[in-house]
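So you can see what is in the structure, the chains are spelled out below.
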Amino acid sequence: MITGILIVLPLLFSLLLFSLRDEKLIKQVALTGAVAEFLVSVYGLFLYSTQCHCQLLLNIGWIETLHVSLNFRVDGISFPLVLLTTFLTPLIILSSMDHPYRKPSAFYGLILLMEMAFIGVFSAYDGLVFYIFWELALIPAYFICAVWGGNDRIRITFKFLIYTFTGSLFMLVALIYLYFRTPAPHSFEIIALYAAHLSPAEQNWIFLSFFLAFAIKIPIFPFHTWQPDTYTESPAGGTMLLAGIMLKMGTYGLIRFLLPICPLALKEWGWLAMILAVTGIIYASIIALRQNDMKRLVAYSSIAHMGLIAAGIFALTSKGLEGAVIQMVSHGINITGLFIVISLIEKRTGTREISKISGLATKAPWLALFFMIILLGNIGLPLTNGFVGEFLLLFGIFEYNHWIAAVAGLTIILGAVYMLWMYQRTMLGQPLEGNDTAGDITLKEAIPFIPIVIMILWIGIFPGFFLKLAEPAVQTILNLMH
Amino acid sequence: MSTIISLSVLGVLILVEGLLGKKTWHLPTILVGLLVALALTLSGWNLNTHYYNEMLIVDNASVAFSAILIFTTFLIFMFAGHYYKSVQRPLDDIYAILIFALVGSVMMTSFGNLIILFLGIETLSIALYVLAGSHKEAITSNEATLKYFLMGSFLSGFLLFGIALIYGVSGSLNLDEISRYTVREAAHLSPMFRAGLFLLIIGLAFKIAIVPFHFWAPDVYEGTPTLLTAFMATVVKIASIVALFRLFNHGFSAIRETWETTLWILAVLTILVGNLTGIYQPNLKRMLAYSSISHSGYMMLAVLAFSARTADALLLYAAAYSVATVTAFGILILVRGAKGNDFFTSFEGLAKKNPVEAICLTIALLSLTGIPPLAGFMAKYYLFTTALEKGYLWLVILAVLGSAISVGYYFKPIVSMYLRNGDGIKLEAGFAYKTHIIFLTVLTVVLGLLPSVLINLL
């Protein structure tokens, strides 16, 4: 029931938004919708952790001939991501409100439509329904980035569209193929997909199709080329939605589908996926060191961090998977925070180029403070959320292979280097001409930071709650692999 | 049977109205007449009878497909008032011929005899030759009709020759008889029969515009008046595919191995060539021509993967494709009316002043691309499922690849409308026209959300 509300609520608000004209009202309605959604999800969490899980199931027959049903269910892996979605969406809306986007009704309507699709992806318990929401998320994402993006947006968003659409089409073929391998009567239910009988050769092909779809979304090297451009050209809110939530669809898919469905293929080809993920970490980190555009720098840092998450998943250990779940949430929060900071800096100085910004801390101490906390979370300082996730991930990778863990561990060092360097160059030193008029953040601008900082510290200091949420589900997935 | 009679009477009625000079009566008569014909068609549901020594067969499949064809024609006629608004001369001939073409296409969905198939195809084709040239003043229209007529009549010869060979070998034109013959002689099939089979494939492939017999289609589509192009791209296409479907799966199913590979290759070629060439088209009308070619490639999957569910899959696909294509043509007519052409540059900045039309065209194109949860996705998904069930893995993978390529052109008008700046003219769409487009869009969404309405029918 709750799951149903979680999916329908943003859709209703989105439709409502499309019909509104008054800009102020639109923003209020959008925010109300997102906050209401968050409250419902918190209530769901309350039910989930105190009572039975039955409130969070939803199963409505849909296409009976094919045994497809609107089947939703949240477990310890999907719930953190559902919460992440409902937590970030209001913040993203809040931070977008200062921008005078033209056609605000469409902008906020599409954001809420995306939220619905995300929730659907994370809670679907039916392969076809998962696919439908997966694709559904792409269209609003494309339009947000393409309509409100920068100068080169047409070419770049098109690349993004083609990349992700092609990848997911192969996933569709894999899903239909799996469908015919499920025990009779065939069904798309995830349990049935897990029970599909596959020969090792078939598993390899299924692995390849799923991996392509997820690797493009995450993105794993060498499928990442759409990502930095798209982030740079997208409007701030769009980048946050992509980086904060949409990428997690890929890693979520790895855990939900790839691991339990093709364990044999993973034993055979998992090392290659691992190598690709780790290569991406190093590659993206080194490129990030050379970036002058703050948004691009964070985009490459995101490839590195997501690569680490993927590597932790391919380690196939419970530590690695738990770390992946925690880090998906942490990374989503931190990177959204970073993009909010960047958009605020851009608003003040009119540029995102690091070389043109300096000494903002003297004029905007609060901004510098929030920037620092989020940044520390992102580079994984102990007592912040990033630490918990990255520690567990590296632990998991270490259990898999010491050398790979050593290489993957470089991400923490390199991450600290490029992040702190960016901080030093933009925040510290003498203000440049043009930067000296920049004022500190207003109370309204500070509001999104407060929940973000709270979450960074909460997950960092008391990770137990989230780990406990994820643990049984992770165990289930690992048991399925044997 | 009642369908064919009622539609023929309707056509004659329009001509009589024309004689009496009652120009304003045409459209109301046609719309009501089509609804009556639709009702009569649906009354044949579950009857499972045949007429004239099994020449015409009325089973649920033929009822469903005839209904789709009539309904699509109805949807197209809803645009006719606007499209021919400024035309002064009497239109009874065009309307009547269009209805006669529909009669031909209905015959193609319910034939039980090769002669009826040929009659249907010819009734349809001859009507289309005239319709393609119905814009007498335009040189492109003249080119279209000449090209279509010369090639069409030539290829009709192939069709007839194929039928003659099959008749010569099997001794019958009746589909059931031929089927029994193939079962009996499957082991040592006469080469004459094979030759007849391939001539039939070529003839039908031309009518459907399957690669490599598709070269006429883009030119003819472009030159034909837009409203009639919509008819060609939907009704004609579906009728021909259904004819192919019936012919091969009722008549020749016992000798699958003789034609399976050929159709497989044709399907792959159609999907890949249709989609790849679609990318390079400069205007929406030609693009839709290539889109229709590639979609006939997808529909060939249903012909190949014959099982209990393929007729359902084809029905859903035909409905989804027709509705989306008719919507696209509806907007195309508006843009051509306002700008005089339909190059993608004409769509620039369209979304600003015409949000409704832009959204409707976007949804139609997304449906054609196969984006969930729209009708086009459900149809494609269902079709791919039936094909995979029969083991056509590579065919499905290539079809999926084609879908990925198709993003390259279906998004062109969308990009133009939303992302580029243009002069932002207002399209002149009346209330009824707009409502109709919205209705079509709602239909696309509803078919996607509730595909069970169609897929449990047959």
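This is a predicted model, so every value here is computed, not measured.

## Some remarks on the overall build of chain B
Point 1. Broken down by element type, chain B carries 19 helices and two strands.
Point 2. The proportion of buried residues among the 458 residues of chain B is 60%.
Point 3. Contacts spanning at least 24 positions in sequence make up 80% of the contacts within chain B whose residues lie at least 6 apart.

## Quick notes on the overall build of chain A
Point 1. Scanning chain A for helices and strands turns up 20 helices and two strands.
Point 2. Its C-alpha atoms give chain A a radius of gyration of 21 Å, near enough to 23 Å, the size a compact globule of 482 residues would have.
Point 3. Dimensions along the principal axes, computed over C-alpha positions, put chain A at roughly 70 × 55 × 45 Å.

## Let's talk about the confidence of the model for chain A
Note that predicted coordinates carrying low pLDDT should not be read in detail.
Point 1. On average, chain A scores 88 in pLDDT, and the residues at 70 or more come to 98%.
Point 2. Put simply, strand E1 (residues 57–63) of chain A is where chain A has its lowest mean pLDDT, 81, and helix H4 (residues 104–123) of chain A is where it has its highest, 92.

## Comments concerning the interface of chain A and chain B
Point 1. Listed by partner, the interface residues are 24 residues for chain A and 22 residues for chain B.
Point 2. If you tally residues by element for the side of chain A that touches chain B, the top one is helix H6 (residues 153–179) of chain A, at 13 residues.

## Quick look at the pairing of strand E2 (residues 68–73) of chain A
Residues and elements named next belong to chain A.
Point 1. Counting buried positions along E2 gives five out of six residues, so the element sits mostly inside the fold.
Point 2. Here E1 pairs with E2 via six bridges, running antiparallel. Following the sheet pairing, Leu 57 is matched in E2 by Arg 73.

## With respect to unusual backbone geometry
Point 1. Omega for the peptide link from B:Val211 to B:Pro212 comes to 5°, which places this bond in the cis form.
Point 2. Cis peptide bonds are those with omega within 30 degrees of zero, and the linkage from B:Pro372 to B:Pro373 qualifies with 0°.
Point 3. Turning to its location among the elements, B:Pro373 is positioned in the loop between helix H15 (355–369) and helix H16 (375–389).
Point 4. Here A:Leu316, not a glycine, exhibits a phi torsion of approximately 60°, which is positive.
Point 5. In the Ramachandran plot, B:Asn48 falls in the positive-phi region, its phi being about 50° despite a non-glycine side chain.
Point 6. Residue placement: B:Asn48 occurs in the loop between helix H2 (26–42) and strand E1 (49–51).

## Section: the confidence of the model for chain B
All names here are of chain B.
Point 1. Averaged over chain B, the pLDDT score is 91; the fraction of residues at 70 or greater is 100%.
Point 2. Mean pLDDT values for the elements of chain B range from 81 in helix H19 (residues 452–455) up to 94 in helix H4 (residues 92–109).
Point 3. Across the assembled chains, the prediction reports ipTM 0.91 with pTM 0.93.

## What to know about the nonpolar core
Point 1. Of all hydrophobic cores here, the largest spans 377 residues; its most connected members are A:Ile111, A:Ala137, B:Ile99, B:Leu301, B:Leu316, B:Tyr317 and B:Ala320.
Point 2. The element that contributes the greatest number of residues to this core is helix H13 (residues 310–339) of chain B, accounting for 20 residues.
Point 3. Contacts of B:Leu301, omitting those with residues within four sequence positions, involve B:Ala267, B:Leu383, B:Ala387, B:Tyr392, B:Leu395 and B:Ala399.

## Some points on the environment of A:Val407
All names here are of chain A.
Point 1. Here Val 407 is to be found in helix H17 (residues 402–427).
Point 2. Here the alpha-carbon distance between Val 407 and Met 240, two residues 167 residues apart in the chain, equals 28 Å.
Point 3. Those residues within four positions of Val 407 in sequence are excluded, and the remaining contacts are Val 278 and Ile 282.

## Digging into helix H18 (residues 431–449) of chain B
All names here are of chain B.
Point 1. With 19 residues, H18 extends 27 Å from end C-alpha to end C-alpha; this agrees with the ideal 27 Å at 1.5 Å per step.
Point 2. Turning to H18, its buried residues are Tyr 433, His 436, Ile 437, Leu 440, Thr 441, Leu 443, Thr 444, Leu 447 and Gly 448. Take H18 and look down its axis: the buried residues cluster within an arc of 150°, on one side only. The outward face of H18, more than 90 degrees from its buried face, is lined by the exposed residues Phe 431, Ala 432 and Thr 435.
Point 3. Looking at the buried positions of H18, the neighbouring elements they touch are helix H3 (60–83), H13, H15 and H16.

## Some thoughts on the packing of helix H6 (residues 139–170) of chain B against helix H9 (residues 216–223) of chain B
Residues and elements named next belong to chain B.
Point 1. Packing of H6 against H9 leaves a shortest axis separation of 7 Å and a crossing angle of 145°. Considering the relative orientation of H6 and H9, their crossing is left-handed. Contacts between H6 and H9 pair Thr 140, Ser 141, Glu 143, Ala 144, Lys 147, Tyr 148 and Met 151 from the former with Trp 216, Asp 219, Val 220, Glu 222 and Gly 223 from the latter.
Point 2. Looking at side-chain class alone, the contact of H6 with H9 contains five nonpolar, three polar and four charged residues.

## Here's the deal with the packing of H2(B) against H3(B)
All names here are of chain B.
Point 1. Closest axis-to-axis distance for the H2/H3 pair is 9 Å, and the angle between their directions is 165°. What the angle tells us is that H2 and H3 run roughly antiparallel. Crossing handedness for the pair H2 and H3: left-handed. The residues of H3 that touch H2, namely those facing Leu 27, Ile 30, Leu 31, Leu 34, Leu 35, Ala 37, Leu 38, Thr 41 and Leu 42, are Val 63, Ser 66, Ala 67, Ile 70, Phe 71, Thr 73, Phe 74, Phe 77, Ala 80 and Gly 81.

Parameters at a glance
- Residues numbered from 1 in each chain as written.
- Chains lettered and ligands numbered in written order.
- Predicted model: local features only at pLDDT ≥ 70, side-chain atom pairs only at ≥ 80, totals over all residues.
- Helix = DSSP H or I, 4+ residues; strand = E, 2+ residues; numbered from the N terminus.
- Buried ≥ 20, exposed ≤ 12 C-beta atoms within 10 Å, placed from the backbone.
- Contact = placed C-beta atoms within 7 Å.
- Rg over C-alpha atoms; globule rule 2.2 N^0.38 Å.
- pLDDT = per-residue confidence, 0-100.
- Pairing = 2+ DSSP bridges.
- Core = buried A, V, L, I, M, F, W, Y, C linked by C-beta atoms within 7 Å.
- Expected span 1.5 Å × (residues − 1).
- Arc of directions from axis to C-beta.
- Axes fitted to C-alpha atoms, helices over the stretch in contact; angles between N-to-C directions.
- Left-handed = near helix turned anticlockwise from the far one by under 90°.
- Nonpolar A, V, L, I, M, F, W, Y, C, P; charged D, E, K, R; others polar.
- Parallel < 35°, antiparallel > 145°, perpendicular 65-115°, else oblique.

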